[in-house]
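Take a look at the letters that make up each chain.
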Amino acid sequence: MADERVVVAFDQHSPDYKAGFPEIGHPMRSKCPVAWSEENGGYWVVTGRELIGQLAKRPDLLSNDHDPTGKRRGYRGITIPAPEGRTTRGGFLEMDPPEQLEYRRVLNPFLSPAAIERWRPMVSELSEACLDEVVESGELDFVDDLANVVPAVLTMGLLGLPLLDWVHYCEPAHATVYTPPQSPDYPRVIDLSIQMAFRLAGELERVKADPRPGMVGALVEAQRADPETFNDEDLVGTLLLLIGGGFDTTTALTSHALHWLDTRPGERRRLLEEPGLLDTATEEFVRFATPAQGGGRTITTDCEVGGHRFGAGDRVWMAYGLANHDPDAFFDPDEIVLDRFPNRHAAFGLGVHRCIGSNLARMSFKTMVVEALRRVPDYRVRQDGVVRYEDIGTINGYRHLPASFTPGRRQGPPLDEVIGRWQRTLDGEQA
Amino acid sequence: MRVRVDPDVCQGHTLCALAAPEVFLLREEDGHSYVVGEEVPPSMEEAVRKAVATCPEGAISIEG
Ligand code: SF4
């Protein structure tokens, strides 16, 4: 059936995609829920919500494996195109079951809804402190001053790394995502990301010598029991993955929501006042913006899924962002409907690779948004200063979202003091 | 009405618990869902139907 395939001119990293998202998916999808693009070496683009769900449930047919050194089948992982010059894979997101499940089993207990609740007080205090830092000035950048900070410090806490170290990871975590290879800044960003990997390898050694609670500690413990599955290289890959997932996606989500709310004071009030609305609205912002726009897969064997044929070795991009705007699955798909429910969005991915941190993301998103709406209730975005990611094909993010508001009064201690206090609390719990 | 969550299909999206918190509980270890009891009280049937419709994995089934 290869000759019957629908061929489209499509590249999620292109300016057209950024300018056209989400409408760009409609003409493609109406021809076929999976189309072929010749860009990036040739790949299938899945835009239909039904089909994406069917495919995601077949980890036997779709592989996430990344094997840059050709030890296994030479598959190219979850980024299309695969990054050049890499010799390691991106943690358990670039593994298949059962290996991948081993990692998730170790990390899941840190990310269940019950486990996340423990962190809520810290997230509230951090959000308050971030806003305190700027509230007297009447100006802020929601990205630099709030949404970059809170998820980053929280991720440090979950990993069991020093909270104040978030600053070392912040720029590389975001810049590696938003800087395209053709940018003049690219070599510097690659350098930063190498330094980040070295720093994490150093942390790993420190925790091996001096066990600590937290995700790093749990991975080190798993390594003792099974040094092959939990080898150093994949542990560093996993830490990079957790930092990327923890730092960048929630930032993107929070920025989208605060930008959308800019011109909607009535909706701001409703979110604070109507019980339950924040829960459905959170899912709706996640659906609409889909921070992680999609993921690459490799077909393991000639197969047919949902009436569509795929060949062994074919590359597939699961376009979660576009599938989340499929009119067959969502009424008015390009509108934000705060009380939309049911909402079967695929923004956290589907199947065995579903986002492991979704509960964390929801909690920190809600806390930051509520705190922003309370502390700077009349903010207006300075549109001329808004900068979105140059390439949104990986993460649909913002680099800057500046706003002005009526200045208020500081209510608590400086941010670093709050972080320091939480560090002592966490250390105390461990002693 | 009786309700079941297929543990092999559930991936812990937690949306069922948002729809019907009285019926679906989330496991402490991994956030995956299980039901309090298979028999659904009539007052909760509507909420359970919503949960079925919102589960992104199609992990929840009802009978009767
Ligand atoms: S919504 Fe579905 S996948 Fe999510 S926890 Fe409930 S049953 Fe599991």
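Structural data are supplied above this passage.
The rules we used
- Residues numbered from 1 in each chain as written.
- Chains lettered and ligands numbered in written order.
- Predicted model: local features only at pLDDT ≥ 70, side-chain atom pairs only at ≥ 80, totals over all residues.
- Heavy atoms only, no water.
- Helix = DSSP H or I, 4+ residues; strand = E, 2+ residues; numbered from the N terminus.
- Rg over C-alpha atoms; globule rule 2.2 N^0.38 Å.
- Contact = heavy atoms within 4.5 Å.
- Areas by Shrake-Rupley, 256 points an atom, 1.4 Å probe, with all protein chains shown as cover.
- Lys, Arg positive; Asp, Glu negative; His and termini not counted.
- Charge placed at Lys NZ, Arg CZ, Asp CG, Glu CD.
- Expected span 1.5 Å × (residues − 1).
- Buried < 20%, exposed > 50% of the residue type's maximum accessible area, 1.4 Å probe, protein only.
- Pairing = 2+ DSSP bridges.
- Salt bridge = Lys/Arg side-chain N within 4 Å of Asp/Glu carboxyl O.
- 1 Å grid on protein atoms, 1.4 Å probe; cavity = no way out; pocket = protein on both sides within 12 Å on 5 of 7 lines; lining within 4 Å.
- Points joined across faces, edges and corners; volume = space filled by probe spheres on them.
- Nonpolar A, V, L, I, M, F, W, Y, C, P; charged D, E, K, R; others polar.
- Disulfide = S-S within 2.5 Å.
- Phe/Tyr/Trp six-rings, centres within 6.5 Å; stacked < 30°, edge-to-face > 60°.
- Near = heavy atom within 4 Å.
- Buried area = accessible area lost by both parts, 1.4 Å probe.
- Polar contact = N/O pair within 3.5 Å; in protein donor to acceptor, adjacent residues only side chain to side chain.

## What to know about the overall build of chain B
Moving on, step 1. Of the regular secondary structure elements, chain B holds two helices and four strands.
Moving on, step 2. Listed N to C, the secondary structure of chain B is β-α-β-β-α-β in terms of helices and strands.
Moving on, step 3. Relative to the compact-globule value of 11 Å for 64 residues, chain B shows a C-alpha radius of gyration of 10 Å, a close match.
Moving on, step 4. For chain B, the C-alpha atoms occupy an extent of roughly 30 × 20 × 15 Å along the three principal directions.
Moving on, step 5. Across chain B, every contact between residues at least 6 apart in sequence was considered, and the portion connecting residues at least 24 apart equals 59%.
Moving on, step 6. Per element, the accessible surface of chain B, about 3,100 Å² overall, is 51% carbon and sulfur.
Moving on, step 7. Looking at chain B, you have 5 positive and 12 negative side-chain charges, and the mean spots of the two groups are 5 Å apart.

## So, helix H14 (residues 277-289) of chain A
All names here are of chain A.
Moving on, step 1. With 13 residues, H14 should reach 18 Å at 1.5 Å per residue; the first-to-last C-alpha distance of 18 Å fits that figure.
Moving on, step 2. H14 sits mainly inside the fold: eleven of its 13 residues count as buried.
Moving on, step 3. What H14 keeps buried is the set Leu-277, Leu-278, Thr-280, Ala-281, Thr-282, Glu-283, Glu-284, Phe-285, Val-286, Arg-287 and Ala-289.
Moving on, step 4. Just past H14, the residue Thr-290 takes up positive phi, approximately 40°.

## Re the pairing of strand S1 (residues 2-5) of chain B
Residue and element names in this part refer to chain B.
Moving on, step 1. Every second residue of S1 is oriented toward a common face, the buried set being Val-3 and Val-5 and the non-buried set Arg-2 and Arg-4.
Moving on, step 2. Both S1 and strand S4 (residues 60-63) contribute to a ladder of four bridges, which runs antiparallel. The residue bridging Arg-4 from the neighbouring strand is Ser-61, located in S4.

## A short note on the pattern of salt bridges
Oppositely charged side chains are able to pair whenever their charged atoms sit close together.
All names here are of chain A.
Moving on, step 1. On inspection of all chains with the given rule, the structure shows 31 salt bridges over all chains.
Moving on, step 2. Here Arg-58 ties to Asp-60 by a salt bridge, and the two come within 2.8 Å at their closest N and O atoms.
Moving on, step 3. Residue classification places Arg-58 among the partly exposed positions, given a relative accessible area of 34%.
Moving on, step 4. A residue is classified by how much of its surface remains accessible, and Asp-60, at 45% relative accessible area, is partly exposed.
Moving on, step 5. Among the salt bridges present, the one from Glu-203 reaches Arg-212, with a minimum N-O distance of 3.7 Å.
Moving on, step 6. Taken together, the shared-partner salt bridges in this structure form one network comprising Asp-65, Asp-67, Arg-72, Arg-89, Glu-99 and Asp-234.

## Quick look at the sheet that holds strand S2 (residues 34-37) of chain A
Pairing between sheet strands relies on hydrogen bonds along the backbone, with the strands arranged either parallel or antiparallel.
Moving on, step 1. The strand order S1-S2-S3-S9-S6-S4 (chain A) describes an open sheet built from six strands, whose pairing is mixed. Each end of this open sheet is capped by a strand with a single partner; those strands are strand S1 (7-8) and strand S4 (62-63) of chain A.

## Some details on the layout of surface pockets
Moving on, step 1. In this structure, the second largest pocket occupies an estimated 580 Å³ of space.
Moving on, step 2. Forming the walls of the second largest pocket are 25 residues, and the residues nearest its centre are Glu-117, Arg-120, Asp-279, Arg-362 and Lys-366 of chain A.
Moving on, step 3. Every element with two or more residues in the lining of the second largest pocket is listed here: helix H5 (113-117), helix H6 (120-135), H14 and helix H16 (358-375) of chain A together with helix H1 (15-19) and strand S2 (24-26) of chain B.
Moving on, step 4. Ranked by residue count, the leading element in the lining of the second largest pocket is H16 of chain A, at eight residues.
Moving on, step 5. Tallied by class, residues from the lining of the second largest pocket come to 13 nonpolar, four polar and eight charged.

## Describing the state of the cysteines
Moving on, step 1. All told, the structure shown has zero disulfides over all chains when counted by the stated rule.
Moving on, step 2. Cys-32 of chain A takes part in no disulfide bond, and the closest cysteine sulfur, belonging to Cys-303 of chain A, lies 14 Å away.

## Description of the packing of aromatic side chains
Residues and elements named next belong to chain A.
Moving on, step 1. Under the counting rule described, the total for this entry stands at twelve aromatic pairs over all chains.
Moving on, step 2. Ring centres of Trp-44 and Phe-310 lie 5.5 Å apart, and the angle between their planes is 80°; on these two criteria the pair is classed as edge-to-face. Of this pair, Trp-44 sits in strand S3 (residues 43-46) while Phe-310 sits in strand S8 (residues 308-310), and the two are 266 residues apart along the sequence.
Moving on, step 3. Residue classification places Phe-310 among the buried residues on the basis of a relative accessible area of 4%.

## Considering the site of the ligand
Moving on, step 1. Among the 13 residues in the neighbourhood of the ligand, the closest are listed as Cys-10, His-13, Thr-14, Cys-16 and Cys-55 of chain B.
Moving on, step 2. Partitioned by chemical class, the residues of the shell around the ligand number seven nonpolar, five polar and one charged.

## Brief notes about the interface of chain B and chain A
Moving on, step 1. Contacts between the two partners involve 21 residues from chain B and, on the opposite side, 21 residues from chain A.
Moving on, step 2. Both faces combined, the contact of chain B with chain A buries some 1,700 Å², and carbon together with sulfur accounts for 56% of it.
Moving on, step 3. The interface formed by chain B and chain A holds ten residue pairs in polar contact (both at pLDDT 80 or more) in total.
Moving on, step 4. Elements represented by at least two residues in the side of chain B that touches chain A include exactly H1 and helix H2 (45-54) of chain B.
Moving on, step 5. A breakdown of the residues in the side of chain B that touches chain A according to their chemical character gives eight nonpolar, seven polar and six charged.

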